[in-house]
Amino acid sequence: MLFKKKKTEKTKGDLGMSQTTITLLFLAFAIVSFILEKIPLGLTASICALGLTLTGILDVSTTFSQYVNSNVILCVGMFVVGQALFETGMANKIGGLVTRFAKTEKTLIIAIMVIAGVMSGFLSNTGTAAVLIPVVCGIADESGYSRSHLLMPLVFAAALGGNLSIIGAPGNLMGVNALQEMGIKTSFFMYAPIGIPMLLIGILYFVCFGYKLLSQNQNEAAQNLEEQKDFSNVPKWKQIISLVVLIVVIFAMIFEELIGISIQLSACLGALFLVLTGVLTEKEALNSIDLKVVLLFGGSLSLAKALDVSSIKTTNESASCGLRRCLDCQCNSVTAIQLKILYATSIGLNTSDIANKLSMNYKTVFSHKRNVMTKFNLANKQELQKFANLFGQKKK
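Residues numbered from 1 in each chain as written. Predicted model: local features only at pLDDT ≥ 70, side-chain atom pairs only at ≥ 80, totals over all residues. Heavy atoms only, no water.

Participant: I'd like a description of helix α12 (residues 236–254), backed by residues and values.
Facilitator: Look at α12: 27 Å from first C-alpha to last across 19 residues, which is about the 27 Å you get at 1.5 Å a residue. Three or more residues of α12 are buried, namely Q239, S242, V245, L246, V249, I250, A252 and M253. What you see down the axis of α12 is that its buried residues fit within an arc of 165 degrees, all on one side. Along α12, the residues that are exposed and aim more than 90 degrees away from the buried face are K236 and V248. (Helix = DSSP H or I, 4+ residues; strand = E, 2+ residues; numbered from the N terminus. Expected span 1.5 Å × (residues − 1). Buried < 20%, exposed > 50% of the residue type's maximum accessible area, 1.4 Å probe, protein only. Arc of directions from axis to C-beta.)

Printed below as a string of structure tokens:
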């Protein structure tokens, strides 16, 4: 009868895929799709999230809770805070002010990369590059330097600068979320020890070697590049408020533990203040939120959660199988008293109840349990309970 039951369970397992297999298939699909980019990244992540829900790997509440994860909210808040700097023209003003002090091409490259790297550490990488490109093109035309010699360092610095803080890039926040779920403490500049050297090495590379590899064409087509937007009609107080809010939000995030306000709340308060004061309209604030990033973030977190859930289940099943193999191989080494104690444990009796039921001393029962744990290399009471449950099933 026992053999027949095992055969039925095996046949049932062969008819469908395990949770781990299904999750790995979705992971493979996501990797291939991210590489080929035939499907938008946000849509790919959402397909994985919904597919994992339909296949029963994740429940609906778990899936959609990832889209309102605290770090997703942080990302949304910083989109609005950063956009205020772009919409008011303050970002252009900062970029132009710094680069005006550069007298040679090399010092200009250094100035561009420093300002782009620092700005992208707290703002959108793409937004930083998009805002500074017209500024850099104007400087190149005025100074007579090649645009390519200045634009390539700008783009690389914007990418490298995203590693200065946890809000520098969406990927950073995904890493922070994973660490927080593991109970590991995170900080605002936790990426800086790696990000700062990377940015400095990138600057040195372009100043010493990289600029020699770039095109020397002095007649790049200006019409293919975005014209610099005119911000002369923007009130100065809006520019000042946008910069002050960004600085206050960043300092609030740095001193999160001291002031007792979470970084997510700081970002949301900053965004709300900018809308309430009229620096940004409600429409501008909503348009600043990159939905593609939100979908990518939420879907990727759902996939990560599925990998976590399926791995835990696989680990538990492996542990159970290991105990079963141990039972089949070594059951002859268990004494008759130990068998009785294990069966009593499997039906939920504690040590005192077993001692009363078998008319034994409490310490004797406890000693037998310890001997079984030592004999079968069981680490704790939970493993002993699983082992006892297998004995109970075999006896039935």
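Participant: Describe unusual backbone geometry, and please don't skip the residues or the numbers.
Facilitator: Of note, E37 is a non-glycine position whose phi angle comes to about 55 degrees, a positive value. Position of E37 among the secondary structure elements: in the loop between α2 (19–36) and α3 (41–54). In this structure, S359 is a non-glycine residue whose phi angle is positive, near 55 degrees. As for its placement among the helices and strands, S359 is situated in the loop between α18 (351–357) and α19 (362–375).

Participant: So what about the packing of α2 against α3? Which residues, and what values?
Facilitator: The description of two helices packed together rests on the angle between their axes and the distance between the axes. Between α2 and α3, whose axes approach to 10 Å, the crossing angle comes to 170 degrees. Considering the angle they form, α2 stands roughly antiparallel to α3. Packed against α2, whose contacting residues are T23, F26, F29, A30, S33 and F34, the element α3 presents L41, T44, I47, C48, G51 and L52 at the interface. Tallied by class, the residues present in the contact of α2 with α3 amount to eight nonpolar, four polar and no charged. (Axes fitted to C-alpha atoms, helices over the stretch in contact; angles between N-to-C directions. Parallel < 35°, antiparallel > 145°, perpendicular 65-115°, else oblique. Contact = heavy atoms within 4.5 Å. Nonpolar A, V, L, I, M, F, W, Y, C, P; charged D, E, K, R; others polar.)

Participant: So what's going on with the environment of S352? Which residues, and what values?
Facilitator: With respect to the helices and strands, the residue S352 is situated in helix α18. For S352 and K363, which are 11 residues apart along the polypeptide, the C-alpha to C-alpha distance reads 9.4 Å.

Participant: Residue-level account of the confidence of the model for the protein chain, with values.
Facilitator: Confidence in the prediction for the protein chain averages 79 pLDDT; 82% of positions are at 70 or higher. In the predicted structure, residues 1–15 sits below a pLDDT of 50 and forms one contact with residues beyond four places in sequence or in another chain. Counted against residues more than four places away or in other chains, residues 219–226, with its pLDDT under 50, gives 12 contacts. (pLDDT = per-residue confidence, 0-100.)

Participant: How would you explain the packing of aromatic side chains if you had to name every residue and give the values?
Facilitator: Inspection of the entire model under this criterion finds eight aromatic pairs. Measuring from ring centre to ring centre gives 5.3 Å for F156 and F206, while their planes differ by 55 degrees; the resulting arrangement is tilted. Here F156 is found in helix α9 (residues 147–161), whereas its partner F206 is found in helix α11 (residues 192–208), with 50 residues between them in sequence. Owing to a relative accessible area of 41%, F156 belongs among the partly exposed residues under this scheme. For the ring pair F251 and F255, a centre distance of 6.2 Å and an interplane angle of 10 degrees mean the geometry is stacked. Three or more aromatic residues link up through ring pairs in this structure, and these residues are F156, Y205, F206 and F209. (Phe/Tyr/Trp six-rings, centres within 6.5 Å; stacked < 30°, edge-to-face > 60°.)

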